[in-house]
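# Structural overview
Next come the chains, spelled out residue by residue.
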Amino acid sequence: MLKRPLPTQQERVLGEDDFIVSKTDLKGIITYGNRHFIQMSGYSERELLGTPHSILRHPDMPRVVFRLLWDTIQAKREICAYVKNLAKDGSFYWVFANITPSFDRNGDLIGYYSVRRKPRAEAVASIAQIYQALLAEERKAGDGQEGMKASLALLNQTLERKGLSYEEFVFGL
Amino acid sequence: MLLGAGWAASGPHPLPTLAWSLGGACVLLLGLALYTAHRILTALDRLTGHLKAAAAGNLESRITGIKAGAATGELAWAINDLLDQQEAYFREVYSAFEHATRGQTFRLAMDQGLHGAFKEAMVRVNISVESLGQVQMMALKEKLISKLTDLNSGNLLTNLKSIQEYLMNMTQEMSIVGQLSKETAGDAEASRATIEGLVADLNRVAEMAVASDAQVRLLHEKSDEIHQIVQVITEVADRTNLLALNAAIEAAHAGDAGKGFAVVAEEVRTLSENTKDAAASIAKTLQTFGQATTQMISDSEQVKALAEGSRTAVAEFRTRVLKFAGSATTSFTQMSRAQDLSFATLVKVDHFLYKQNGYRVIHQGTASPEARAVQSDHRSCRLGTWYYEGQGAELFSHVPSYVRLEAPHADVHRNIHDAVAQLSGAWERNPATQSLIYAHFEAAERASETVMSTIDRMVEERHRLA
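Because the structure is predicted, anything quoted here is derived from the model rather than measured. (Residues numbered from 1 in each chain as written. Chains lettered and ligands numbered in written order. Predicted model: local features only at pLDDT ≥ 70, side-chain atom pairs only at ≥ 80, totals over all residues. Heavy atoms only, no water.)

## Thoughts on the overall build of chain A
Definition in use: A run of H or I in DSSP becomes a helix once it reaches four residues, and a run of E becomes a strand once it reaches two; helices and strands are each numbered from the N terminus. Radius of gyration here uses only the C-alpha atoms, and the compact-globule reference equals 2.2 Å multiplied by the residue count raised to the power 0.38. Any residue under 20% of the maximum accessible area for its type is buried, any over 50% is exposed, and the rest in between are partly exposed; the area is computed with a 1.4 Å probe on protein chains only. Here a residue-residue contact requires only that any non-hydrogen atoms of the pair lie within 4.5 Å. Two residue types count as positive, namely Lys and Arg, and two as negative, namely Asp and Glu; His and chain ends fall outside the count. For the purpose of locating charges, the reference atoms are NZ of Lys, CZ of Arg, CG of Asp and CD of Glu.
Counting its secondary structure elements, chain A contains six helices and five strands. The N-to-C order of helical and strand elements in chain A reads β-β-α-α-α-β-β-β-α-α-α. In terms of C-alpha radius of gyration, chain A reaches 16 Å, essentially the compact-globule figure of 16 Å for 173 residues. For chain A, the C-alpha atoms occupy an extent of roughly 45 × 45 × 35 Å along the three principal directions. Out of the 173 residues in chain A, the part that is buried amounts to 48%. In chain A, the share of contacts with a sequence separation of at least 24, taken over all contacts with a separation of at least 6, comes to 56%. Counting 24 positive and 21 negative side-chain charges, chain A places the averaged centre of each group 3 Å from the other.

## Describing the sheet that holds strand E2 (residues 30-33) of chain A
Backbone hydrogen bonds hold the strands of a sheet together, and the pairing may be parallel or antiparallel. Residue and element names in this part refer to chain A. For the record, the criterion: At least two bridges found by DSSP between two strands is the condition for calling them paired. Convention adopted: a line fitted to C-alpha atoms gives each axis, helices being fitted over their contacting stretch, and angles between N-to-C directions are expressed from 0 to 180 degrees.
Spatially, the five strands line up as an open sheet ordered E2-E1-E5-E4-E3, and their pairing is antiparallel. For this open sheet the edge positions go to E2 and strand E3 (79-86), each flanked by a neighbour on one side alone. If you compare each strand with its neighbour and ignore which way they point, the axes differ by 30 degrees on average. Bridge analysis of strand E4 (residues 92-103) against strand E5 (residues 109-117) gives eight bridges, and the strand direction is antiparallel. Its bridge partner being in E5, Ala-97 is matched across the sheet by Arg-116.

## A short note on the pairing of strand E1 (residues 20-24) of chain A
Residue and element names in this part refer to chain A. Burial within E1 is extensive, with five of its five residues counted as buried. Here E1 shows two buried faces, one formed by Ile-20, Ser-22 and Thr-24 and the other by Val-21 and Lys-23. Relative to E5, E1 runs antiparallel, the two being bridged by five bridges. Note on E5: the bridge partner recorded for Thr-24 is Tyr-112. As paired elements, E1 and E2 share three bridges and run antiparallel to each other. Looking across to E2, one finds that Ser-22 is bridged to Gly-33. Adjacent in sequence and paired antiparallel, E1 and E2 are bridged by five residues, among which Gly-28 carries a positive phi angle near 90 degrees.

## What about helix H2 (residues 15-55) of chain B?
Residue and element names in this part refer to chain B. Heads up, the rule is: Expected span of a helix, by definition, is 1.5 Å for each gap between consecutive residues, and there is one gap fewer than residues.
The first and last C-alpha atoms of H2 sit 57 Å apart over 41 residues, in line with the 60 Å expected at 1.5 Å per residue. Regarding H2, the residues found buried are Ala-43, Leu-47, His-50 and Ala-54. Contacts from the buried residues of H2 go to helix H3 (73-101). Remark: Gly-57 follows H2 within two positions and exhibits a positive phi of approximately 100 degrees.

## Side note on the packing of helix H3 (residues 63-74) of chain A against helix H5 (residues 145-162) of chain A
Residues and elements named next belong to chain A. Counted only if it meets this: Note that the term roughly parallel is reserved for angles under 35 degrees, roughly antiparallel for angles over 145, roughly perpendicular for angles of 65 to 115, and oblique for everything else. Classes in brief: Ala, Val, Leu, Ile, Met, Phe, Trp, Tyr, Cys and Pro nonpolar; Asp, Glu, Lys and Arg charged; the others, Gly included, polar.
At a minimum axis distance of 9 Å, the contact between H3 and H5 shows a crossing angle of 80 degrees. Comparing their axes, H5 and H3 come out roughly perpendicular. Mapping the contact onto sequence places Arg-63, Val-64, Arg-67 and Leu-68 in H3 and Met-148, Ser-151, Leu-152 and Leu-155 in H5. Residue composition of the contact of H3 with H5, by class: five nonpolar, one polar and two charged.

## What about the confidence of the model for chain B?
All names here are of chain B. Note the following rule: Residue-level confidence of the predictor is what pLDDT reports, using numbers from 0 through 100.
In this model, chain B carries an average pLDDT of 82, and 93% of its residues clear a pLDDT of 70 or more. Across chain B, helix H9 (residues 406-422) holds the top mean pLDDT of 92, while helix H1 (residues 2-9) sits lowest at 39. Note that residues 1-11 has pLDDT below 50 and, in this model, two contacts with residues that lie over four places away or in other chains.

## A word on the pattern of salt bridges
Under the convention used in this document: A side-chain nitrogen of Lys or Arg and a carboxyl oxygen of Asp or Glu constitute a salt bridge if their distance falls within 4 Å.
If you walk through the whole model with that rule in mind, you get 33 salt bridges over all chains. The salt bridge partner of B:Arg320 is B:Glu316, with a shortest N-O separation of 4.0 Å. With B:Arg320 and B:Glu316 both in helix H5 (residues 259-364), this residue pair falls four residues apart, about one helical turn. By relative accessible area, B:Arg320 is classed as exposed at 57%. Among the charged side chains, a salt-bridge network with shared partners connects A:Lys23, B:Glu60, B:Arg62, B:Asp84, B:Glu87 and B:Arg91.

## What to know about the packing of aromatic side chains
For any two aromatic rings, the description comes down to two numbers: the centre-to-centre distance and the angle of the planes. Stated formally: Two rings from Phe, Tyr or Trp (for Trp, the six-membered ring) form a pair when their centres are within 6.5 Å of each other. A pair whose planes differ by under 30 degrees is stacked, one over 60 is edge-to-face, and the rest are tilted. Cation placement over rings: the criterion is NZ of Lys or CZ of Arg within 6 Å of the ring centroid and within 35° of the ring normal.
One pass over the structure, following the stated rule, counts 11 aromatic pairs over all chains. Residues A:Tyr82 and A:Phe96 carry aromatic rings whose centres are separated by 4.5 Å and whose planes lie at 40 degrees to one another, so their mutual orientation is tilted. Of this pair, A:Tyr82 sits in strand E3 while A:Phe96 is found in strand E4, placing the two residues 14 residues apart along the sequence. Residue classification places A:Tyr82 among the buried residues on the basis of a relative accessible area of 5%. On the numbers, 6.2 Å between centres and 20 degrees between planes, the contact of A:Trp94 with A:Tyr131 is stacked. Remark: A:Tyr131 occurs in helix H4 (residues 121-140) and A:Trp94 occurs in strand E4; sequence separation between them is 37 residues. Each member of the pair, A:Trp94 together with A:Tyr131, is buried. An aromatic cluster is present here, built from A:Tyr82, A:Phe96, A:Phe171 and B:Phe106 joined pairwise through their rings. The aromatic ring of B:Tyr388 is capped on one face by B:Arg379, whose charged end is 4.3 Å from the ring centroid.

If you want it as structure tokens, here you go:
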């Protein structure tokens, strides 16, 4: 079992023409990762396969984002999200993640496919502010369901004020 | 490493040993080569499996557990990269189109990380997504416009129907008011005649009062004359009485000789007494008669004054009645014009309704109530009934424009019928048929304009001639 490293302020940057590809099963266990995934995460292929994708979760990420992510893909819909990931050496890297459900021939859900691209710096700057506020909301209410509820309310409120759906907002950044 | 060990072991031995060693090394090399070849073949087999799956359209599978430095490692990663490119490409295209069909054209396909032809194709995909968005927007706009037109024409129809109902009520009420106004004008005329008669009568009464006043005055004068004559008679009687008394005294003096004379004197005195009595009686009668004539003069003067006053009042009344009769006639004329205008408007609305139903058939289809409604021809529609049998024929057939209404009205019906006839075919997909339908509606509109202006002229002419 891999241990999550302590985060540092070191940043890694994904190449402009590259993308990270990974696949997981229904529980989020990694079943495939391309070479960019291996390189950016700092883990070997052997380490990554069979490990939960959440090994890359950075403590700066609000939990509500992953809640939204899972709710959406479990409903067999696509989701896009800006994510700050944690590499094996404690450094971080920002990605614009796109996750889509995979189906077998019978149309049954068999896993998830994720492509992560290099985000624009301006988009990262504005989403980081929002994530910070959401995270503060989660911490203020304690780490339980209450925090999640408060954070989700704040996210919805933010979107409502902009008059945008989550998707429109994310693609407009 | 094995090869190195072989060479290292061969150092201190003699030739046969060397030969053995070489032989052994060859066997080992062969074995190694066979093993490596087998491993490569096995790995290639696996890779072939993945590629065959990909060729069959299954982009899901990937090669995992790739050993670093393995001969087929780079090949395996290259295959994974190819599959990643393909799968990312297809998923992006799917997502973008899936969103676009729901009108969410902000979700363009992301080409970042795709290479070469994949990236170039994605640019074209996004052009399609964007134009799909525009087409959708146009289609939605068209749909809205069409729905709005439908809504509008539906409401227009309802509105027209309510105006029609209102006009029908108004026409009915105006017809009642018109009748009343006509009666009032008749009454005013009759009153005028009565007043003229009354004035003539009063004039005669006044004249007669003046005449009878003169007669009474004459009578009064004559009775004064009679009074004077009666006084003369009374004086004569008095004197006669005195003479008779003196004669009686003289007769007494004469004694018996005067006896006969005394009788005569007595008779004369009696006669004079009787005459005096009669005169007194006449004077008394005359006094009563005089009082009566004085009263008559006073009465006749009052009658004269009254007749004079009545004449002035009746003259004023006459002026007023004449004015009233005049305005009653004017208001009757205006009322009848207003009635005609409202009737003309009503038949116009009937005509609008007919046309609107024609347009509605386009939306509602040839089996709709609207389609049945437009089947009527120019003789059986409401305007036609009005024109050939109803008030139109009754009130307007004498005006010059009446005959000019028939042709354009028949034209409207013919064109609407022709347009509706085109709707039974596959007009939705045929631009030529659509132009034909449009042309018929356009011709119907032009004819309808003539119908409207002709109705206006008919009303105008009827009131100019009247």
